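Secondary and tertiary structure notes
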Amino acid sequence: MPFVHSMSTRVLINDLAASAKLNSVSSNNSRAMSESTCFPDRGQRWRPGLRTGTLALEGRFDDSELLTAAVDANGVDDAWMVTVGPSGFGLGEPVFTAAGDISTHSITAAVADVVGFTVESTSDERTWIGTSLHDLTAETATADGEMVTFEAATTSGAVAVLHLTELGGTTPTADIVVQHSADGVTFVDLVTFDQATTAGAQRKVVSGTVERYVRASWALGGTAPSATFTVALAR
């Protein structure tokens, strides 16, 4: 696999396509380790504990939209939902995603530089590594997406995220689901997002079996609807 240049990185924050405002993103997962060493042991012994994840974003302060999103999310539980595609959001591309709380928000201004900002968020449990099921493109009709094939089914459940950045038309609605299949032919719903009537972001957690073949599917309502969105699944 060839190396990926950072210019390919795309970032979604809630219902905002924020890539053009950012110049750095970093993800970190960690786990607390409790020492369990006793006298007879000839080396240290450890027990794994709680997990946590952080996402740090840096960018240029050149509009109010991103600032408003940060202010609105500050102090609200799990209101800062970020999904990053290091090589974009094309079908099957890897992503990392987290819904968390803003822990640090700073704005810096230097006389010889443009104004910058930094936002760091701490997610519940961890930052999830997943796969894109739909690129950030507009759909104008009900359809099923192309399927993504994983190596095997899993019984560990999954986390699904939806970033709907635009929803246009007259009284538009978007019903978006993630479906899975054991054979790549017959699909059933795995994750059902709440019906959308405006732009927004959602995150759903499911338990149990997730089959090997997965796809996004969407039903659009209203007059001349158009929905621009990304769907990703972490297993």
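Here's a quick rundown of the structure. (Residues numbered from 1 in each chain as written. Predicted model: local features only at pLDDT ≥ 70, side-chain atom pairs only at ≥ 80, totals over all residues. Heavy atoms only, no water.)

**Here's the deal with the nonpolar core**
Note the following rule: The set of buried Ala, Val, Leu, Ile, Met, Phe, Trp, Tyr and Cys residues whose side-chain atoms join them within 4.5 Å is what this entry labels a nonpolar core. For every residue, the accessible area (1.4 Å probe, protein chains only) is compared with the maximum for its type, and the residue is labelled buried under 20%, exposed over 50%, or partly exposed between those bounds. Under the scheme used here, helices are H or I runs from DSSP no shorter than 4 residues and strands are E runs no shorter than 2 residues, and both carry numbers assigned from the N terminus. By the convention used here, residues are in contact when the closest approach between their heavy atoms is within 4.5 Å.
Among the nonpolar cores identified, the biggest contains 25 residues, and L133, I176, V178, F193, F229, V231 and L233 are the most heavily contacted of them. Those elements giving two or more residues to this core turn out to be β11 (158-181), β12 (188-192) and β14 (213-234). Those residues in contact with V231 that sit more than four places away from it in its chain are T131, S132, L133, H134, V161, L162, I176, V178, F193 and A216. Grouped together as the second largest cluster of nonpolar side chains are 19 residues, L55, L66, W80 and V84 included.

**Here we look at the environment of D175**
Along the chain, D175 turns up in strand β11. Looking at D175, the relative accessible area reads 31%, which means it is partly exposed. With 46 residues separating them in the primary sequence, D175 and G221 have C-alpha atoms 8.4 Å apart. In this structure, D175 is in contact with Q195, S217, W218 and A219, ignoring residues within four places of it in sequence.

**Describing the pairing of β11**
The test is simple: For two strands to be treated as a pair, DSSP must find no fewer than two bridges joining them.
Burial of β11 is extensive: 18 of the 24 residues sit out of reach of the surface. Of the pairings in the sheet, the one linking β11 to strand β13 (residues 200-206) comprises seven bridges and is antiparallel in character. The residue of β13 that forms the bridge with H163 is A201. Pairing of β11 with β14, which is carried by 19 bridges, proceeds in the antiparallel orientation. When the bridges of β14 are listed, V159 appears paired with A234.

**Description of the packing of aromatic side chains**
To keep things clear, this is the line we draw: Think of it this way: a Phe, Tyr or Trp ring, Trp meaning its six-membered ring, pairs with another when their centres are within 6.5 Å, and the plane angle makes it stacked under 30 degrees, edge-to-face over 60, tilted otherwise. Only when the NZ of Lys or the CZ of Arg is both within 6 Å of the ring centre and within 35 degrees of the ring normal is a charge said to sit over the ring.
One pass over the structure, following the stated rule, counts one aromatic pair. Geometrically, the ring pair formed by W218 and F229 is edge-to-face, given 5.5 Å between the ring centres and 70° between the ring planes. Judged on exposure class, the residue W218 and its partner F229 are both buried. Sitting over the ring of F187, R215 keeps its end group 4.0 Å from the ring centre. Sitting above the plane of the F150 ring, R235 keeps its charged end 4.1 Å from the centroid.

**What about the pattern of salt bridges?**
Condition: When a carboxyl oxygen of Asp or Glu is within 4 Å of a side-chain nitrogen of Lys or Arg, the pair counts as a salt bridge.
Applying the stated criterion across every chain yields a total of two salt bridges. For R215, the salt bridge is made with D144, and the minimal N-O distance between the two is 3.4 Å. Placement of the pair is R215 in strand β14 and D144 in strand β9 (residues 143-144), with a sequence separation of 71 residues. The closest approach of N and O atoms between K204 and D194, which form a salt bridge, is 3.2 Å. Taken together, the residues K204 in strand β13 and D194 in the loop between β12 and β13 connect sequence positions 10 residues apart. The exposure class of K204 is partly exposed, given its relative accessible area of 24%.

None of this, on its own, says anything about what the molecule does.
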